[in-house]
Amino acid sequence: MTGTTRTSNGLDVRRRRALYHAWHRGTREMDLLLGRFADSHIADLSDAELADFEALMEVPDPDLFAWLTNAREVAAEHAGPVYRRLVRFHAETAGKSP
């Protein structure tokens, strides 16, 4: 089981790949953080936003997890609107069942 609540039906190939990658990170914590966001927003991201999301997914799990948990400051090149949207998504859904 991946945990995803969204199918890839209706998504273009690039978004399907991003959705899959978001749920198959290597650590369960990152699967949940990125996968839940992708389930909710992958279809609505513009091409530029999708590129930013893809770039975030290239960051090693320990670094990205540290940024998302405020253990370390996010690198400037990743501190854009998609990162802020990801943080806001999890702040708004904290404590809610997936």
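Residues numbered from 1 in each chain as written. Predicted model: local features only at pLDDT ≥ 70, side-chain atom pairs only at ≥ 80, totals over all residues. Heavy atoms only, no water.

Colleague: I tried to follow the nonpolar core on my own but got confused; where do I start?
Modeller: The tendency in soluble globular proteins is for nonpolar side chains to be buried side by side. Counting residues in each nonpolar core, the largest one holds 26 residues, and the members touching the most others are Leu-34, Ile-42, Phe-53, Leu-56, Leu-64, Trp-67 and Leu-68. Mapped onto this core, the elements with two or more residues apiece are α1 (13–23), α2 (28–41), α3 (47–57), α4 (61–68) and α5 (81–93). A total of 5 residues in this core trace back to one element, the largest contributor, which is α2. (Core = buried A, V, L, I, M, F, W, Y, C linked by side-chain atoms within 4.5 Å. Buried < 20%, exposed > 50% of the residue type's maximum accessible area, 1.4 Å probe, protein only. Helix = DSSP H or I, 4+ residues; strand = E, 2+ residues; numbered from the N terminus.)

Colleague: What should I look at first to understand the packing of α1 against α3 in this one?
Modeller: When two helices pack together, their arrangement is given by the angle between the helix axes and the distance between those axes. Where α1 meets α3, the closest approach of the two axes is 11 Å, and the angle between their N-to-C directions is 30°. Taken together, the axis directions place α1 and α3 in an arrangement best described as roughly parallel. Helix-helix and strand crossings are classified by hand; for α1 and α3 the assignment is left-handed. Judged by residue contacts, Arg-14, Arg-15, Ala-18, His-21 and Ala-22 of α1 engage Asp-47, Leu-50, Ala-51, Phe-53, Glu-54 and Met-57 from α3. (Axes fitted to C-alpha atoms, helices over the stretch in contact; angles between N-to-C directions. Parallel < 35°, antiparallel > 145°, perpendicular 65-115°, else oblique. Left-handed = near helix turned anticlockwise from the far one by under 90°. Contact = heavy atoms within 4.5 Å.)

Colleague: Got a minute to help me understand the packing of aromatic side chains in this structure?
Modeller: How two aromatic rings sit relative to each other is set out by the distance from centre to centre and by the angle between their planes. If you walk through the whole model with that rule in mind, you get 2 aromatic pairs. With a centroid separation of 5.5 Å and an interplanar angle of 45°, the aromatic rings of Phe-37 and Phe-53 are classed as tilted. Highlighted residues: Phe-37 in helix α2 and Phe-53 in helix α3, separated in sequence by 16 residues. A relative accessible area of 0% means that Phe-53 is categorised as buried. Ring centres of Phe-37 and Phe-89 lie 5.7 Å apart, and the angle between their planes is 80°; on these two criteria the pair is classed as edge-to-face. Here Phe-89 lies in helix α5 and Phe-37 lies in helix α2, a separation of 52 residues in the sequence. Relative accessible area serves as the criterion here: at 1%, Phe-37 is assigned to the buried category. Among the aromatic residues, ring-to-ring pairing joins Phe-37, Phe-53 and Phe-89 into one connected group. (Phe/Tyr/Trp six-rings, centres within 6.5 Å; stacked < 30°, edge-to-face > 60°.)

Colleague: It is not clear to me how the packing of α3 against α5 should be interpreted in this structure. Could you clarify?
Modeller: Two elements in contact, α3 and α5, have axes whose closest approach is 9 Å; the angle formed by their N-to-C orientations is 70°. Here α3 is positioned roughly perpendicular relative to α5, judged by the angle of their axes. Contact with α3, carried on its side by Glu-49, Asp-52, Phe-53 and Leu-56, involves Val-82, Tyr-83, Arg-85 and Leu-86 of α5 and no other residues of that element. Its residues assigned to classes, the contact of α3 with α5 shows 5 nonpolar, no polar and 3 charged. (Nonpolar A, V, L, I, M, F, W, Y, C, P; charged D, E, K, R; others polar.)

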